[in-house]
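Here are the chains, one letter per residue:
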Protein chains: 2
Amino acid sequence: MTYKSVKGTADILPSGLAGSSELYQAIEAISRNIFQRFNYREIRTPVIEERSLFVKAIGAETDIVTKEMFSFRDRGEREIVLRPEGTAPIVRAYLEANFHKQDAFQKFYYIGPMFRAERPQAGRMRQFHQIGAEAIGSMAPEIDAEIIVLMANLLDAMKIKGYKIRINNLGCKDDKAGLSKTLRGALAKEKSVLCDDCKKRLEINPLRVLDCKNESCRSVIRGAFKSVKFLCNKCDGHFKKVLGCLDSLGIKYELDPYIVRGLDYYTQTVFEVTHPELGSQDALGAGGRYDNLISDMGGPQLGAAGFALGVERILIVAAKQGATVYPDDKSVIYIAAMGQSAKEKAFELINSLRGIEWGKKASFDTDYEDKSLKAQMREADKLGAKFVLIIGDDEISKGEAVLRDMATKEQIAVKFSDIINALKGKLC
Amino acid sequence: MTYKSVKGTADILPSGLAGSSELYQAIEAISRNIFQRFNYREIRTPVIEERSLFVKAIGAETDIVTKEMFSFRDRGEREIVLRPEGTAPIVRAYLEANFHKQDAFQKFYYIGPMFRAERPQAGRMRQFHQIGAEAIGSMAPEIDAEIIVLMANLLDAMKIKGYKIRINNLGCKDDKAGLSKTLRGALAKEKSVLCDDCKKRLEINPLRVLDCKNESCRSVIRGAFKSVKFLCNKCDGHFKKVLGCLDSLGIKYELDPYIVRGLDYYTQTVFEVTHPELGSQDALGAGGRYDNLISDMGGPQLGAAGFALGVERILIVAAKQGATVYPDDKSVIYIAAMGQSAKEKAFELINSLRGIEWGKKASFDTDYEDKSLKAQMREADKLGAKFVLIIGDDEISKGEAVLRDMATKEQIAVKFSDIINALKGKLC
């Protein structure tokens, strides 16, 4: 009997390859640095939430809620789910912690796993990872722009080149309802050429038809959409301000009137960031404003905006653009020891080296398996060791080790008491 | 209708308080640094696993498996659980990635959430977080010692003072079976004074009786245990070597013959690290050797050892020992702007400042809400800003900003074009 990971999940293993834990670490460290510059602070919500939270926030008829949530009952018979996205839990946490009663304006970021019970395919795992931000408590158009600028800064810092930002404005609740009504009327006339999914969408939420990739649906949409002028003056002004802010910073974007996003909570500005390297599932991330979600969830009327980036999607692009974008700058020092006394010395020495503050990132390792010197040198090589300390019976009797520079192959004898200083010269 | 987090889970919010996201970040950064020194590499296994994995690894009759797992069926009708611990998934990942067929010796660390459907109480959450390590592929006693030294190094680096390491040796599989048999015999004679739980344990796994906190059970155990000499010569030699390694490094520990751990996979060295500040749930962490788990799970016969520390437990102790152990060294720079032109200038300026590499950690923020200057200065104060740039209509016309040092209250005028250099002098 062997055991496998659950379908649609994957281990993130250490190694230099794409998808390795070092790449996740690098992407996270870069993100934390950028978030800190923008003064966004980390929030970590639990992996499990009550199902009702997402039904309310994302919408009862959305694909996520109807088909894609990992759902189970706990002993108290409540319906629990593995969180499918980060915004609803953060709004829940914001209200539960009563931020709206004190410092209503809060800027959060999050990094962590999300879950969807979809059929796994390239770039769509059942456990995937998102990096996102939410600015809660402001209606200012500068916030819409800041969220987009922040997302672009993250991608730039991760050295992702060639992404495209596409922006739309859905307007306020009333504008959205008006658009929905207009679309329902226009599309109903051409219902016969719509795909089966769109026929259903037309009944439940006509805006979702805009998401359809089917060419015959798209041509109907293009026709129906041309005549629609649905933004009220206030929303139109808001959107112009957002675009003006982006222009002032030289952020490149395209306007795309078909972006609606698959979650019901969005109002006003919505956006997607896509990459041509990703094929048909081309979104690196997405986001927008959600000015009614906080009040819908029992809180006050507060504006908010956010985005989420998919880490696995970022890694696919990073791998295609060359996997060396996140270099590992760690120095490895290996102690090769032969014989009982040398082994004991190595054990002490490795542990005192590990306890010192070094100027550069350094790892220290040795062998406990009584391998031959040759095998130990091979091991040091495999670890990418920059320096090897060699200790045998001879060295023990002389109270010294041989320090070998693996690049130049130069070897010098160093007294045990001088080893730390000798390495400090090389690592600090 | 308001929404709450699931019972036994908690949001980790940003702020300076114990349990805040900054403390988790600090503990994780410290841990990564120490793991890197010891040359342990990160592995991230999924949050969900098949239930059968833990039934096999931890033991079908253990509390974790019988009572404490969050379990549900996926659409394929397999039983899925939220992982209750980290060792079994890592061994599963090790075998699934075929490490045993190439570089059998691997040293991993992990940081992440674990789940137990227990009744929540102080220091026992349903979603909690562990930091742990697993060294797989070695029988060397130096590895048992290294794992303990690594754990102690982590706690020292986190500035946790006053923890106690308690060590035992369960011996090999045969020794463990022998002890189990001896105990069953000895305890059966005094069954009447054992608690109900221990009566059951006596049938299923007599070793678990050693875990009982009930005083009448403990006195029976002490009596029964005195006469037991169960370690074979090889295991006795292994244990002496482990203790010798710890002694050579000056690691303090106590021998405790009653430690068995609640998971069936342990053999040989087992240990717990406890702290008196924690009360009755006093374990900060625990670990040990598990030389049969890899073969039990369908792999080859390979030695292994590991430990896990509980992050929430560490934070309880850190809070009691003074929550300032993880200082935030970030500088905040705030732009206070009055008037439309100044706001626009502030938006541009804040975004160019955010894009620069600074010598020290720095955050940049401004106001988009048309607050009064007084309200903006209050906001800057609340954020702990070290410097505030003040821009109004006057400054715009002069092409400069007022740079205020919030500590000294000194104010100087700085040309817009000199702002970056002026701040560089202060932040680099």
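Here is what the cut-offs are and how they apply
- Residues numbered from 1 in each chain as written.
- Chains lettered and ligands numbered in written order.
- Predicted model: local features only at pLDDT ≥ 70, side-chain atom pairs only at ≥ 80, totals over all residues.
- Heavy atoms only, no water.
- Buried < 20%, exposed > 50% of the residue type's maximum accessible area, 1.4 Å probe, protein only.
- Helix = DSSP H or I, 4+ residues; strand = E, 2+ residues; numbered from the N terminus.
- Pairing = 2+ DSSP bridges.
- Contact = heavy atoms within 4.5 Å.
- Buried area = accessible area lost by both parts, 1.4 Å probe.
- Salt bridge = Lys/Arg side-chain N within 4 Å of Asp/Glu carboxyl O.
- Polar contact = N/O pair within 3.5 Å; in protein donor to acceptor, adjacent residues only side chain to side chain.
- Least-squares fit on C-alpha atoms with pLDDT ≥ 70 in both.
- Domains from an automatic or database assignment.
- Axes fitted to C-alpha atoms, helices over the stretch in contact; angles between N-to-C directions.

Asker: Would you mind going over the pairing of strand 11 (residues 304-310) of chain B with me for this structure?
Answerer: Sheet faces and side chains relate simply in a regular strand, where the side chains alternate between the two faces. All names here are of chain B. In terms of burial, strand 11 is a largely internal element, seven of the seven residues being buried. Here strand 11 shows no split at all, with Ala 304, Gly 306, Ala 308 and Gly 310 on one side and Ala 305, Phe 307 and Leu 309 on the other all buried. Pairing between strand 6 (residues 127-136) and strand 11: seven bridges, direction antiparallel. Within the sheet, the bridge partner assigned to Ile 131 lies in strand 11 and is Leu 309. Alignment of strand 10 (residues 283-289) against strand 11, held across five bridges, turns out to be antiparallel. Looking across to strand 11, one finds that Gly 285 is bridged to Leu 309.

Asker: Even after reading the chapter, I still don't get the interface of chain A and chain B, so can you show me in this structure?
Answerer: Where interface size is quoted, it is often the accessible area lost as the parts come together. Residue-level contacts link 93 residues of chain A with 93 residues of chain B. Summing both partners gives a buried area of about 8000 Å² for chain A against chain B, and 54% of it is carried by carbon and sulfur. For chain A, the biggest contributors to the area lost against chain B are Tyr 3, Arg 37 and Arg 44 of chain A; these three give 11% of the whole. A salt bridge links Arg 92 of chain B to Asp 11 of chain A; the nearest nitrogen and oxygen atoms lie 2.6 Å apart. Taken together, the links from chain A to chain B amount to 42 residue pairs in polar contact (both at pLDDT 80 or more). Per-element tally for the side of chain A that touches chain B: the top contributor is helix 1 (residues 21-37) of chain A, with eight residues.

Asker: Even after reading the chapter, I still don't get the relation of the copies chain A and chain B, so can you show me in this structure?
Answerer: There are two copies of the chain, and a rotation about an axis plus a shift along that axis relates them. Under the fitted operation, chain A is carried onto chain B by 0.0 Å of movement along the axis and a turn of 180°, and the coordinates agree to an RMSD of 0.0 Å. Such a combination of rotation and displacement between the chain copies is what one expects of a two-fold axis. The C-alpha atom lying nearest the rotation axis in chain A is that of Phe 72 of chain A; the distance is 2.8 Å. Residue by residue, 100% of the interface of chain A is reproduced at the interface of chain B, so both copies engage with the same surface.

Asker: Explain the domain arrangement of chain A here, please?
Answerer: Splitting chain A by domain gives domain 1 (21-171 + 231-320) and domain 2 (331-422). Relative placement of domain 1 of chain A and domain 2 of chain A: their C-alpha centres are 48 Å apart.

Asker: What's the story with the sheet that holds strand 7 (residues 164-169) of chain A in this structure? I'm lost.
Answerer: Residue and element names in this part refer to chain A. On the basis of which strands lie adjacent, the open sheet formed by eight strands has the order 1-5-6-11-10-9-7-8 and mixed pairing. Since the sheet does not close on itself, it has two edges, and those belong to strand 1 (41-42) and strand 8 (254-255), each with one partner. Relative to the sheet, helix 11 (residues 311-320) contacts strand 6 (127-136), strand 10 (283-289) and strand 11 (304-310), its axis offset from that of strand 11 by approximately 50°.

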